Amino acid sequence: MHFIKNYRILTKQPGGWFKPIHVPFTRMSLSRSFHGSNFVNSLSVKDGLPMRLLLLGSPGSGKGTQSSRIQKKFNIPVISSGDILRQNIARGTKIGEIAAKEIERGAYVPDDIMIELITKELQNKQQNWLLDGFPRTINQAVALDDRLAMTDRSLNLIINLSVPEEVILQRIMDRWVHVPSGRVYNLSYNPPKINGIDDITGEQLTKRSDDNPETFKIRLQKHKALTELLLEYYAKRNILVTFCGRTSDEIYPQIERELLKRFGSGNLG
Ligand code: AMP
């Protein structure tokens with residue numbers, strides 16, 4: 001468990017004690033996005049349909065794992081609302097200040113802030129992208145549709161992850177993250193090489209403030225109610241596909257097959 005105070009992140013280290021960490025921030029780490037994707041974009045316009053994807057799933061259903069696999073395989077930027085908020089918290093921005101309070105009590109960040117934040121992020125992206133964690137409410141979904149329709153870039157596939165609740169609960173307890181990059185580790189099936197340390201940068205990993213049983217239960221209940229509404233909203237559009245399984249390894253090949261079927265191999269890196 002850990003909590004956020006005065007923009008410093010206090011983390012429970014694998015050894016036990018709470019310890020403040022300094023989270024370095026660079027502009028390149030703003031989102032878990034692939035930058036400089038002009039080559040990919042021009043390829044996909046010619047050889048395949050642009051990918052405008054949305055990933056839905058309960059907290060802990062493996063959205064982060066699936067999105068980084070899709071990102072690697074198809075070379076597309078991932079726009080993760082949770083990562084962007086955590087990076088704002090680490091930088092101590094005004095949005096980060098609001099987000100920290102909401103996340104800590106298991107609540108959502110207000111719609112107007114989220115819509116502004118994500119549509120701004122989408123402006124910098126071109127043809128292909130994957131949205132993770134946004135939209136989460138019908139208000140956000142409608143606002144997103146409106147903004148995308150204005151530039152003729154509507155969503156063309158919604159990937160819904162369905163994972164049993166007991167599996168999700170265990171995963172949450174074992175999860176550690178590297179905030180600047182959004183890299184996620186899991187002590188049971190994807191541990192870092194050195195406990196508590198990011199494999200790539202050697203920087204410290206942290207627990208998310210909302211990865212504790214109390215906050216998690218609130219998030220899960222709330223998520224269920226709101227996702228039902230979102231699923232209903234998108235089901236009418238015939239671009240919603242649900243993938244079921246207990247592990248990300250079981251689910252990912254199904255997603256990859258579906259993406260290749262719908263978008264061809266024009267997006268492959
Ligand atoms: P995530 O990493 O996607 O699980 O997001 C972590 C937390 O950030 C959520 O529990 C919310 O408090 C907040 N958050 C992320 N995305 C949104 C969103 N689209 N709308 C409102 N709050 C969000």
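- As recorded by an unreviewed UniProt entry, the protein carries the name GTP:AMP phosphotransferase, mitochondrial and is attributed to Cetraspora pellucida.
- Checking UniProt for the protein, the heading Subunit (unreviewed entry) contains the comment "Monomer."

**Some remarks on the side chain of Lys 63**
Stage number 1. Mapping Lys 63 onto the fold places it in helix H2 (residues 63-74).
Stage number 2. Asp 132 provides the closest opposite charge to the buried, unpaired Lys 63, separated from it by 4.5 Å.
Stage number 3. With near-sequence residues (within four places) excluded, Lys 63 lies in contact with Leu 55, Leu 56, Gly 57, Ser 58, Asp 132, Gly 133 and Leu 161.

**Describing the packing of aromatic side chains**
Stage number 1. Taken as a whole and assessed by the stated rule, the structure comprises one aromatic pair.
Stage number 2. Where Tyr 233 meets Tyr 234, the ring centres are 5.1 Å apart and the plane angle is 75 degrees; that geometry is what we call edge-to-face.
Stage number 3. Since its relative accessible area comes to 22%, Tyr 233 is described here as partly exposed.

**Remarks on the pairing of strand E6 (residues 129-132)**
Stage number 1. Burial of E6 is two-sided: the residues Trp 129 and Leu 131 facing one way and the residues Leu 130 and Asp 132 facing the other way are all buried.
Stage number 2. Two elements, strand E4 (residues 52-57) and E6, share four bridges in a ladder whose sense is parallel. The residue of E6 that forms the bridge with Leu 53 is Leu 130.
Stage number 3. Both strand E5 (residues 78-80) and E6 contribute to a ladder of three bridges, which runs parallel. Paired with Ile 79 across the strands is Leu 131, a residue of E6.

**A few points about the UniProt feature "binding site: GTP" (unreviewed entry) in the protein**
Stage number 1. In the UniProt entry, the feature "binding site: GTP" (unreviewed entry) is given for Gly 60, Ser 61, Gly 62, Lys 63, Gly 64, Thr 65, Arg 175, Val 184, Tyr 185 and Ser 248. In three dimensions, the annotated residues from a span of 189 residues occupy one location, with a maximal C-alpha spread of 14.1 Å. The annotated residues named above include Gly 60, Ser 61, Gly 62, Lys 63, Gly 64, Thr 65, Arg 175, Val 184 and Tyr 185 as those lining the largest cavity.
Stage number 2. Looking at where Gly 62 falls in the secondary structure, it is placed in the loop between E4 and H2.
Stage number 3. Judged by its relative accessible area of 12%, Gly 62 falls in the buried class.
Stage number 4. Excluding anything up to four places from it in sequence, Gly 62 contacts Leu 161, Arg 171 and Ser 248.

**A short note on the nonpolar core**
Stage number 1. Counting 29 residues, the largest nonpolar core has Ile 118, Leu 131, Leu 155 and Tyr 234 as the members making the most contacts within it.
Stage number 2. Where this core is concerned, the elements lending two or more residues are E4, helix H3 (81-91), helix H4 (94-104), helix H5 (111-123), E6, helix H6 (138-150) and helix H8 (213-235).
Stage number 3. Residues contacting Leu 155, with those up to four places away along its chain left out, are Arg 52, Leu 53, Leu 54, Trp 129, Leu 144, Asp 145, Leu 148, Tyr 234, Arg 237 and Ile 239.
Stage number 4. Membership of the second largest hydrophobic core comes to 24 residues, among which are Ile 70, Phe 74, Val 78 and Ile 168.

**Some remarks on the packing of H3 against H4**
Stage number 1. Two elements in contact, H3 and H4, have axes whose closest approach is 7 Å; the angle formed by their N-to-C orientations is 115 degrees. Looking at the two axes, H3 sits roughly perpendicular to H4. Judged by the twist between their axes, the crossing of H3 over H4 is left-handed. Mapping the contact onto sequence places Leu 85, Asn 88 and Ile 89 in H3 and Ile 95, Gly 96, Ala 99, Ala 100 and Ile 103 in H4.
Stage number 2. Counted by class, the contact of H3 with H4 contains six nonpolar, two polar and no charged residues.

**Considerations on the site of the ligand**
Stage number 1. Taken together, 16 residues sit near the ligand, with Ser 81, Ala 107, Gly 133, Arg 136 and Gln 140 positioned nearest.
Stage number 2. A distance of 2.8 Å separates a nitrogen atom of the ligand from a polar atom in the side chain of Ser 81.
Stage number 3. One of the backbone N or O atoms of Val 109 is found 3.1 Å from a nitrogen atom in the ligand.
Stage number 4. Protein contact buries 96% of the 480 Å² of open area that the ligand shows by itself.
Stage number 5. In a pocket analysis with a 2 Å cut-off to the grid points, the ligand is assigned to the largest cavity.
Stage number 6. Per-element tally for the shell around the ligand: the top contributor is H3, with four residues.
Stage number 7. Of the residues contributing to the shell around the ligand, the split by class is seven nonpolar, four polar and five charged.

Cut-offs used in this document
- Residues numbered from 1 in each chain as written.
- Predicted model: local features only at pLDDT ≥ 70, side-chain atom pairs only at ≥ 80, totals over all residues.
- Heavy atoms only, no water.
- UniProt positions renumbered as here; feature names shortened; annotations may be inferred.
- Helix = DSSP H or I, 4+ residues; strand = E, 2+ residues; numbered from the N terminus.
- Buried < 20%, exposed > 50% of the residue type's maximum accessible area, 1.4 Å probe, protein only.
- Lys, Arg positive; Asp, Glu negative; His and termini not counted.
- Salt bridge = Lys/Arg side-chain N within 4 Å of Asp/Glu carboxyl O.
- Contact = heavy atoms within 4.5 Å.
- Phe/Tyr/Trp six-rings, centres within 6.5 Å; stacked < 30°, edge-to-face > 60°.
- Pairing = 2+ DSSP bridges.
- 1 Å grid on protein atoms, 1.4 Å probe; cavity = no way out; pocket = protein on both sides within 12 Å on 5 of 7 lines; lining within 4 Å.
- Core = buried A, V, L, I, M, F, W, Y, C linked by side-chain atoms within 4.5 Å.
- Axes fitted to C-alpha atoms, helices over the stretch in contact; angles between N-to-C directions.
- Parallel < 35°, antiparallel > 145°, perpendicular 65-115°, else oblique.
- Left-handed = near helix turned anticlockwise from the far one by under 90°.
- Nonpolar A, V, L, I, M, F, W, Y, C, P; charged D, E, K, R; others polar.
- Near = heavy atom within 4 Å.
- Polar contact = N/O pair within 3.5 Å; in protein donor to acceptor, adjacent residues only side chain to side chain.
- Areas by Shrake-Rupley, 256 points an atom, 1.4 Å probe, with all protein chains shown as cover.
- Sits in = over half its atoms within 2 Å of the grid points.

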